[in-house]
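Report on the structure
Listed below, chain by chain, are the residues.
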Amino acid sequence: MVDTNHSETGTQAIQRALAVLNCFSRDIESLSLTEISKLLNIPYSTASRIAGILEQESFLIRDKHTKLYSLGRRIYGLGYCAKQNDFLRKVVYPYLLRLRDDIGETACFYVREDGYRICFEKAPAFHNFKYSPTIGSKYVLWAGAGGRGFLAFATPAELEGYLTDAKRLTTYTKIDKKKIMRDLYGLCKNGYVYCINEYQEGFSSIAGPVVDGNNKILCTIAVTGPSSRFTPDVVKGLTSEIPKFCAEISSTFGWKEPEEKDDMLFNSPSLGYIMKNMD
C-alpha cells in the first residue's frame, strides 16, 4: 500500500510516482485513473495529479478518446538506453549476428523472468518467411529449445512444477517427463538441444545455455526457423556452433571448460536429479 499522507515528503512523492509507473506491465498496457487509484489505494485526486505530472514529462501518455494512460516515450527511451548498456547483450549480440549470417535463420537470446523466458534480443533472418518474435514477448519454459536451458538449471522443485503444468501446444510438444529429462541431460552434456515443431508447428529450433562461473544460467541462445529449412547440413552446423558460442560467451562470465572431454559441458546443479528421473 502506498502512503497516503497528504503532507508528503520529496521521497514519498517519488515513491508514489514510481508506484504509478509500476502499475503497468506486459499484461496491463493501459489504465484509467480510477484503476490506478484502486491499485495503489490512493485518492483519485492524488492519482490524477501524479499521472498529470508524468504525462507532462512524457513518462505517461493519455488517449484522448478512451482517457486511458499507458507508458510514454521517455520510458521506452530509458529502456532502450538500459538495453544498449547491458553487458550481457553487448557480449551476446555479435554471436547472434554470426549465427544468423552463417545459418540464414533468426537467432535470439532469451532471459528468464519468473516462470517464463523473455525474448531479449534477436537477429532476424533475411527471408520473407521466417521466425520473427517480438522483443519482450514471453514464452513458457517447458516447450521449445529456448526454454530447455532454463529447465536444466532450475531447482528440482521448480522442474516438477513446470513439468506438471506442461501441456501440448502442438502435436509434437513433449510433455513426457522422462523424454524431457533426457533432453536436459543431453543439453548439459553436449551444450545444445534440438526441438522440432514443439512450440509452433512448422518451426524448429536449436538452443544452448550461457552460464557464469557459479553454474548459474544467464540466458539461452537459440536459432529458430521453418522446419523445412532445417536440413541435415543446417542442423550439423548449429549443433557445432551453438555449443561453441555458448562456451565462449560463458567464459566471459567466469565459466571454466571441463578438463576432460567426456565430462558434462555444462554442469547443472540439478544434474543428479535429472539423471535420476530420465530412465
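Everything below is about the structure shown above.
Structural notes, computed from the coordinates. All figures in this text were calculated on a predicted structure; none of them were measured in a lab. (Residues numbered from 1 in each chain as written. Predicted model: local features only at pLDDT ≥ 70, side-chain atom pairs only at ≥ 80, totals over all residues. Heavy atoms only, no water.)

**Quick notes on the packing of aromatic side chains**
- According to the stated counting rule, one finds nine aromatic pairs in the structure shown.
- Look at F129 and F203: their rings are 5.5 Å apart centre to centre, the planes differ by 55°, and that puts the pair in the tilted class. Of the two residues, F129 sits in the loop between β4 (116-123) and β5 (138-140) while F203 sits in strand β7 (residues 203-211), which places them 74 residues apart along the sequence.
- Residue class for F129 comes out exposed when judged on its relative accessible area of 52%.
- Under the relative-accessibility criterion, F203 is labelled buried at 11%.
- For the pair Y194 and F230, a centre-to-centre distance of 6.2 Å together with 20° between the ring planes defines the contact as stacked. Residue Y194 is found in strand β6 (residues 193-196), and its partner F230 is found in the loop between β8 (217-226) and α9 (232-252); the two are separated by 36 residues along the sequence.
- Judged by relative accessible area, which is 28%, Y194 ranks as partly exposed.
- Residue F230 is classed as buried on the basis of its relative accessible area, which comes to 7%.
- Grouping aromatic residues by their ring pairs yields a cluster made of Y110, Y139 and Y199.
- The ring of Y116 is capped by K138, whose NZ or CZ atom sits 4.6 Å from the centre of that ring. (Phe/Tyr/Trp six-rings, centres within 6.5 Å; stacked < 30°, edge-to-face > 60°. Helix = DSSP H or I, 4+ residues; strand = E, 2+ residues; numbered from the N terminus. Buried < 20%, exposed > 50% of the residue type's maximum accessible area, 1.4 Å probe, protein only. Lys NZ or Arg CZ within 6 Å of the ring centre and 35° of its normal.)

**What to know about the pattern of salt bridges**
- Evaluation of the coordinates by the stated rule reveals eight salt bridges.
- Put simply, R100 and D101 hold a salt bridge, and the shortest N to O gap is 2.6 Å.
- Across the pair E198 and R148 runs a salt bridge whose closest N-O atoms are separated by 2.6 Å. You can see E198 sitting in the loop between β6 and β7 and its partner R148 sitting in helix α6 (residues 145-152), a full 50 residues away along the chain.
- Of the residues examined, E198 reaches a relative accessible area of 3% and is grouped as buried.
- R148 sits in the buried class, given a relative accessible area of 0%.
- Shared partners join several salt bridges into a network, and the residues in it are R148, K174, D183 and E198. (Salt bridge = Lys/Arg side-chain N within 4 Å of Asp/Glu carboxyl O.)

By themselves these figures say nothing about function.
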